[in-house]
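Chain by chain, the residues run as shown.
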Amino acid sequence: MAEEVKESVVKSTVTNWVKGIVTSIFGLLSGAALMYLTPVVNNVVKPAKPIANFAAQVNGPSVQFNNRSTGGTEGWWDFGDGSALEPFDPKAENITHTYKKPGTYSAKLSLQNLIGESSERAAPVTVDADAPASKVELASFDLIPITPRETAPAVYRLQAKVAGATHCILCRGDHRPMEIIDDPNRLDQLISFDEMGTYTVRLAAVNGKQLIEKAQEIFVGANEGGELLAKVKVSYQAVRVERVTKTWRIHCGWQGDLNDPYSSFRRERQADPGTIIVGAEIVNKADETTPRNLECKLSEDRTKVVLTGELVRPTGVLLQTQTAPRWLATVKATLERRSAPRTLQPDEVTMAVGPGRSVKIPMQALRQGWEPVKAQVSMELWDGNRKIWSGEPPIANAAMIWKNQNCTMSAVQQSDGILVTISGQGVPATPVVLPKPVVDPAPALPMPPIAPPPVIEPAPMQSVGPMIRKVGYEFDPRHPFK
């Protein structure tokens, strides 16, 4: 009996020793495995921390930013001048931004990786005030006569094509002051000369220290005083419309479970403050990684672009956070900025009118970049220095007295001018009937035909077309327009 008890004690002791040894070995192996496996998991599964870094190269008003960051998958460029933030593209080595004014700006790059870790860097950028300006070009400068005679008042259409200028200066060569034109890309306006004389019209295109000028000489003869002068004025309520095209890069990443066959995404890009988006299109639809069911739409208030689609997992590929499909959309957007309504009153246009004929007086149009909201047109008739009539078109058969004769005057407003017709004693003319708004849609009863009254042709006048002579001009910096 004692031997059996002794044998049982020995077996229990051996068993406990064996269990202890096995447990120790398993613990050592588990600790070693965890010690060596943890850095492997951190390096393979966990992405690297982002480090934002960049260099800037200034070239006049344009600055090229060289991307030297690491670990960032998405982020923003903030150029410090109040312009819209530019999305960060990890594949783009360089990005260029043009500053509108000289000065020192704080440019900043903000980054994030796939798990939300962030980094940012800011650096000052100085744009030189003496940066080279764009080359100024004055491709054409023409004065086209509108009136068929050389006598006052004479009307000319000024047309010019300008490139690279910040503004233009127009000198008409008469008592009127010089005009500063802030929208010089394409000029198209009317110029009236009410008195006899020789006028040298000069147009200068300016950008910084650059100045290019062209001039033409015009001769206007004396007015014999046998006709009335019609002066047309127009006052516009208009808004300034500025449009600019920008290219946006929008990052579209995997947003669902990594085991799903596809992942739906929705990304938005906000417009610049104070602007609306009038058009947007994706320019890289032909990429191999283009998502399916891709749509690019504008929000109802047109303040942002909305991208929707589905990223597809490659067949037979087990996704990880670093290998999940992603797509960088390139969107070309057209932005529009509209100012508050302003009152604009261009120069009046004066032309001679006489009895027995109709004269179309052109209206001064708005310059490029302005959109009319409302236009108010007024007209005056002058007999020498005496105003005999004033009002607003349309006018039908208005009675007036001219040279002790009873006359009638009609003025019909058209899209680009006022058609004025005057009739007097001994000069028959067909009365002008203005169109009336249709109230009843029922067709009117047919009227019997009326034979037109005879028209007496006015005596032919011996006249010569307007004389336009181009003259050379040497720029004197002390007297730019002398």
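The structure we're discussing is the one just above.
Residues numbered from 1 in each chain as written. Predicted model: local features only at pLDDT ≥ 70, side-chain atom pairs only at ≥ 80, totals over all residues. Heavy atoms only, no water.

Explanation requested: the overall build of the chain in the structure shown.
Across its full length, the chain holds one helix and 29 strands. Relative to its full complement of 482 residues, the chain shows a buried share of 34%. Pairs at least 24 residues apart make up 65% of the contacts formed inside the chain by residues separated by at least 6 positions. Working note: accessible area of the chain is about 29,600 Å², and carbon and sulfur atoms make up 54% of it. (Helix = DSSP H or I, 4+ residues; strand = E, 2+ residues; numbered from the N terminus. Buried < 20%, exposed > 50% of the residue type's maximum accessible area, 1.4 Å probe, protein only. Contact = heavy atoms within 4.5 Å. Areas by Shrake-Rupley, 256 points an atom, 1.4 Å probe, with all protein chains shown as cover.)

Even after reading the chapter, I still don't get the environment of Ser 110, so can you show me in this structure?
Note that Ser 110 resides in strand β6 (residues 103–112). When near neighbours in sequence (up to four residues on either side) are disregarded, Ser 110 contacts Glu 74, Gly 75, Trp 76, Ser 119 and Glu 120. A polar contact of 3.4 Å, which involves the side chain of Ser 110, links it to the side chain of Glu 120. (Polar contact = N/O pair within 3.5 Å; in protein donor to acceptor, adjacent residues only side chain to side chain.)

Whenever I open this one, the side chain of Glu 179 confuses me. Can you help?
With respect to the helices and strands, the residue Glu 179 is situated in strand β11 (residues 179–181). Reaching out from Glu 179, the side chain makes a polar contact with the side chain of Arg 367 at a distance of 2.3 Å. Not counting residues up to four positions away in its chain, the partners in contact with Glu 179 are Cys 168, Ile 169, Leu 170, Arg 172, Gln 189 and Arg 367.

I tried to follow the pairing of strand β27 (residues 405–413) on my own but got confused; where do I start?
Sheet faces and side chains relate simply in a regular strand, where the side chains alternate between the two faces. As paired strands, strand β26 (residues 395–402) and β27 are joined by six bridges and run antiparallel to one another. Bridge pairing in β27 places Trp 402 opposite Gln 405. Here β26 folds back onto β27, and the loop between the two strands holds two residues, one of which, Lys 403, carries a positive phi near 55°. Bridge analysis of β27 against strand β28 (residues 417–423) gives six bridges, and the strand direction is antiparallel. Each bridged residue has a counterpart across the sheet, and for Thr 408 the counterpart in β28 is Ser 423. Joining the antiparallel neighbours β27 and β28 is a turn of three residues. (Pairing = 2+ DSSP bridges.)

Explanation requested: the sheet that holds β28 in the structure shown.
Paired through their backbone hydrogen bonds, the strands of a sheet run either parallel or antiparallel. The strand order β23-β28-β27-β26 describes an open sheet built from four strands, whose pairing is antiparallel. Single-partner strands in this sheet number two, and they are β23 (357–362) and β26. Between one strand axis and the next, the sheet turns by 25° as a mean value, whatever way the strands run. (Axes fitted to C-alpha atoms, helices over the stretch in contact; angles between N-to-C directions.)

Explain the sheet that holds strand β4 (residues 86–87) to me, please; I cannot follow it from the model alone.
Strand order in the open sheet made by the four strands is β4-β3-β6-β7, with antiparallel pairing throughout. Sheet topology places β4 and β7 (118–127) at the edges, where each strand pairs with a single neighbour. As paired strands, β6 and β7 are joined by ten bridges and run antiparallel to one another. In the sheet register, Ser 110 faces β7, and the bridge partner there is Glu 120.

I'm lost on the nonpolar core in this one. Help?
Within soluble globular proteins, side chains that are nonpolar tend to cluster in buried spots. Grouped together as the largest cluster of nonpolar side chains are 32 residues, with contacts concentrated most on Val 353, Ile 361 and Met 409. When residues of this core are traced back to their parent elements, those giving at least two are β15 (228–253), β22 (349–353), β23, β24 (370–383), β25 (386–391), β26, β27 and β28. By residue number, the principal contributor to this core is β15, which donates six residues. Each residue touching Met 409, except ones within four places of it in the same chain, is listed here: Met 379, Leu 381, Trp 389, Ile 395, Ala 396, Asn 397, Ala 398, Met 400, Val 420, Thr 421 and Ile 422. Counting residues in each nonpolar core, the second largest holds 23 residues, with Phe 141, Val 162, Ile 191 and Val 201 among its members. (Core = buried A, V, L, I, M, F, W, Y, C linked by side-chain atoms within 4.5 Å.)

Explain the pattern of salt bridges to me, please; I cannot follow it from the model alone.
Two side chains of opposite charge can pair, provided their charged atoms sit close to one another. Counting across every chain of the model gives 19 salt bridges. The partner of Glu 179 in a salt bridge is Arg 172, with the nearest N and O atoms 2.8 Å apart. Judged by its relative accessible area of 4%, Arg 172 falls in the buried class. In this structure, the salt-bridge partner of Arg 172 is Asp 347, at a minimum N-O distance of 2.8 Å. Highlighted residues: Arg 172 in the loop between β10 (167–171) and β11 and Asp 347 in the loop between β21 (342–344) and β22, separated in sequence by 175 residues. Each of Arg 172, Glu 179, Asp 347 and Arg 367 takes part in salt bridges that share partners, so that together they form one network. (Salt bridge = Lys/Arg side-chain N within 4 Å of Asp/Glu carboxyl O.)

I'm lost on the packing of aromatic side chains in this one. Help?
Throughout the structure, instances matching the rule amount to seven aromatic pairs. When the centroid spacing of 4.4 Å and the interplanar angle of 20° are considered together, the rings of Tyr 99 and Tyr 105 count as stacked. For the pair shown, Tyr 99 and Tyr 105 are each scored as buried. Through pairs of rings, three or more aromatic residues link up here, namely Phe 54, Phe 65, Trp 77 and Phe 79. The cationic tip of Lys 231 hangs over the ring face of Trp 382; the distance from NZ or CZ to the ring centre is 4.7 Å. Here the basic side chain of Arg 269 rests over the ring of Trp 248, its NZ or CZ set 4.4 Å away from the ring centre. (Phe/Tyr/Trp six-rings, centres within 6.5 Å; stacked < 30°, edge-to-face > 60°. Lys NZ or Arg CZ within 6 Å of the ring centre and 35° of its normal.)

Explanation requested: the environment of Ile 212 in the structure shown.
As for its position among the elements, Ile 212 is in strand β14 (residues 210–220). Residue Ile 212 is classed as partly exposed on the basis of its relative accessible area of 30%. Sequence separation between Ile 212 and Val 162 is 50 residues, and the spatial gap between their C-alpha atoms is 10.0 Å. Apart from the residues lying within four places of it in its own chain, the contact partners of Ile 212 are Val 136, Glu 137, Leu 138, Leu 203, Ala 204 and Ala 205.

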